[in-house]
Amino acid sequence: MAMRNLALRLKYDGSRYHGWQVQKTEISVAQTVEEALAKICGHPVKLTGCGRTDAGVHALRYCANFKTDCKIPVDRVALAVNTRLPGDIAVVDAVEAPEDFNAIGSCIKKEYIYKILNSPIRDPFLDKRVCFYPQRLDMEQMQAAAAAFVGTHDFKAVRSLGTETKTTVRTVHWCKAEKEDDIITISICADGFLYNMCRAMVGTMVYASYGKLAPQDIPKLLELGDRRLTGPTMPPQGLYLNRVWYDDPVGQMFIK
């Protein structure tokens, strides 16, 4: 039987995983899903994910694809694999993708959100799902800092050394900070992200809130490209991959 290229839409709580990527000694989201898929497909499965979410990072919408010659109907894949997955990972949908579709290479843009509980009292029920930050943050300064990141820039100043990339230039389509009750949500959409880029951008906004740097300094700091001059890398538990964009037919799966 001909090989099929199946694309999955997933969501997961990353609290107890060592990120998406398969690890030699630590449990990862990819390994957990691959093992469940292998049971329903009857052969080893190699997943290609749309990004490397780090240890403790979550995904509200995530895309992964794999090749298989199993005959399982595509509308049964989600139900079948979910019976073999732990409660903190769910496959929401599956579609037949074009032969050349690749979850990371075919991705047009992604949006991450970062959640901060800005309150003097922590919430035990949000413990691994927000960054608890008791000191008061200045929303106006954070919003001004967020706006300064929008556009095409070299983002070397807000990335950690790790995976080598051909270029550190990225286009940020939007970066905004909003507050509802005690929760600050920062949304960042770009054509791609460098290692720890989101968390360092949020850390730089937090620094702007304190007056440790001025929002209007951010373009110059990006130009200088020195990681030591921007804000800290924020903890992973506040970060979620929120949305991913693809052309049809996979794109239709993410509109719902």
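Attention here is on the structure that accompanies the text. All values reported here derive from a predicted model rather than from experimental measurement. (Residues numbered from 1 in each chain as written. Predicted model: local features only at pLDDT ≥ 70, side-chain atom pairs only at ≥ 80, totals over all residues. Heavy atoms only, no water.)

### Some details on the overall build of the protein
Piece 1. Each helix and strand in the protein was counted, giving 6 helices and 10 strands.
Piece 2. Relative to the 2.2 N^0.38 estimate, which gives 18 Å for 256 residues, the radius of gyration of the protein is 19 Å and therefore close to what a compact globule would have.
Piece 3. Overall, the protein is about 60 × 40 × 35 Å in size when its C-alpha atoms are taken along their principal axes.
Piece 4. For the protein, contacts bridging at least 24 residues in sequence account for 72% of all contacts bridging at least 6.
Piece 5. Here the protein contributes 33 positive and 29 negative side-chain charges, whose respective centroids are spaced 3 Å apart. (Helix = DSSP H or I, 4+ residues; strand = E, 2+ residues; numbered from the N terminus. Rg over C-alpha atoms; globule rule 2.2 N^0.38 Å. Contact = heavy atoms within 4.5 Å. Lys, Arg positive; Asp, Glu negative; His and termini not counted. Charge placed at Lys NZ, Arg CZ, Asp CG, Glu CD.)

### Notes on the nonpolar core
Piece 1. Within the largest apolar cluster, 82 residues are counted, with the highest numbers of intra-cluster contacts made by Ile116, Ile186, Ile188, Met205, Tyr246 and Val250.
Piece 2. The biggest single contributor to this core is helix H4 (residues 197–210), with 8 residues.
Piece 3. Once residues within four sequence positions are removed from consideration, tyrosine 246 is found in contact with Cys50, Cys63, Phe101, Asn102, Ala103, Ser106, Cys107, Ile108, Gly251 and Phe254. (Core = buried A, V, L, I, M, F, W, Y, C linked by side-chain atoms within 4.5 Å. Buried < 20%, exposed > 50% of the residue type's maximum accessible area, 1.4 Å probe, protein only.)

### Things to note about the environment of glutamine 21
Piece 1. Relative to the helices and strands, glutamine 21 resides in the loop between strand S1 (4–12) and helix H1 (29–41).
Piece 2. For the pair formed by glutamine 21 and glycine 51, sequence separation is 30 residues and the distance between their alpha carbons is 8.7 Å.

### Notes on the pairing of S1
Piece 1. In terms of residue burial, S1 counts as a mostly covered element, since 8 of its 9 residues are buried.
Piece 2. Across 8 bridges, the pairing between S1 and strand S3 (residues 58–68) is antiparallel. Paired with leucine 6 across the strands is phenylalanine 66, a residue of S3.
Piece 3. Note: S1 against strand S4 (residues 89–97), 8 bridges, orientation antiparallel. (Pairing = 2+ DSSP bridges.)

### Thoughts on the pattern of salt bridges
Piece 1. Throughout the structure, instances matching the rule amount to 8 salt bridges.
Piece 2. For arginine 199, the salt bridge identified is with aspartate 54, shortest N-O distance 3.4 Å. Pair noted here: arginine 199 is in helix H4 and aspartate 54 is in the loop between strand S2 (48–49) and S3, with a separation of 145 residues, a long-range link.
Piece 3. Close ionic contact of glutamate 111 with arginine 243 constitutes a salt bridge, the shortest N to O distance being 3.0 Å. (Salt bridge = Lys/Arg side-chain N within 4 Å of Asp/Glu carboxyl O.)

### A look at H4
Piece 1. The first and last C-alpha atoms of H4 sit 20 Å apart over 14 residues, in line with the 20 Å expected at 1.5 Å per residue.
Piece 2. Burial analysis of H4 places 12 of its 14 residues in the buried class, which makes it a mostly covered element.
Piece 3. Met197, Cys198, Arg199, Ala200, Met201, Val202, Gly203, Thr204, Met205, Val206, Ala208 and Ser209 are the residues of H4 that are buried.
Piece 4. Packed against the buried residues of H4 are strand S5 (109–117), helix H3 (139–148), strand S8 (169–180), strand S9 (183–190), helix H5 (218–224) and strand S10 (239–245). (Expected span 1.5 Å × (residues − 1).)

### Observations regarding helix H2 (residues 74–82)
Piece 1. Among the residues of H2, Val77, Ala78, Ala80 and Val81 are the ones counted as buried.
Piece 2. Looking at the buried positions of H2, the neighbouring elements they touch are S1, H1 and S4.

### Description of the packing of aromatic side chains
Piece 1. On inspection of all chains with the given rule, the structure shows 8 aromatic pairs.
Piece 2. Both rings, one in tyrosine 133 and one in tyrosine 210, keep their centres 6.4 Å apart while their planes meet at 35°; by these two values the pair is tilted. Here tyrosine 133, found in the loop between strand S6 (131–132) and H3, pairs with tyrosine 210, found in helix H4; they are 77 residues apart in sequence, far enough to count as distant.
Piece 3. Centre to centre, the rings of tyrosine 246 and phenylalanine 254 are 5.9 Å apart; their planes meet at 40°, and the pair counts as tilted. As far as the burial class goes, tyrosine 246 and phenylalanine 254 line up, both buried.
Piece 4. Joined through ring pairs, the aromatic side chains of Tyr12, Trp20 and Tyr62 make up one cluster. (Phe/Tyr/Trp six-rings, centres within 6.5 Å; stacked < 30°, edge-to-face > 60°.)

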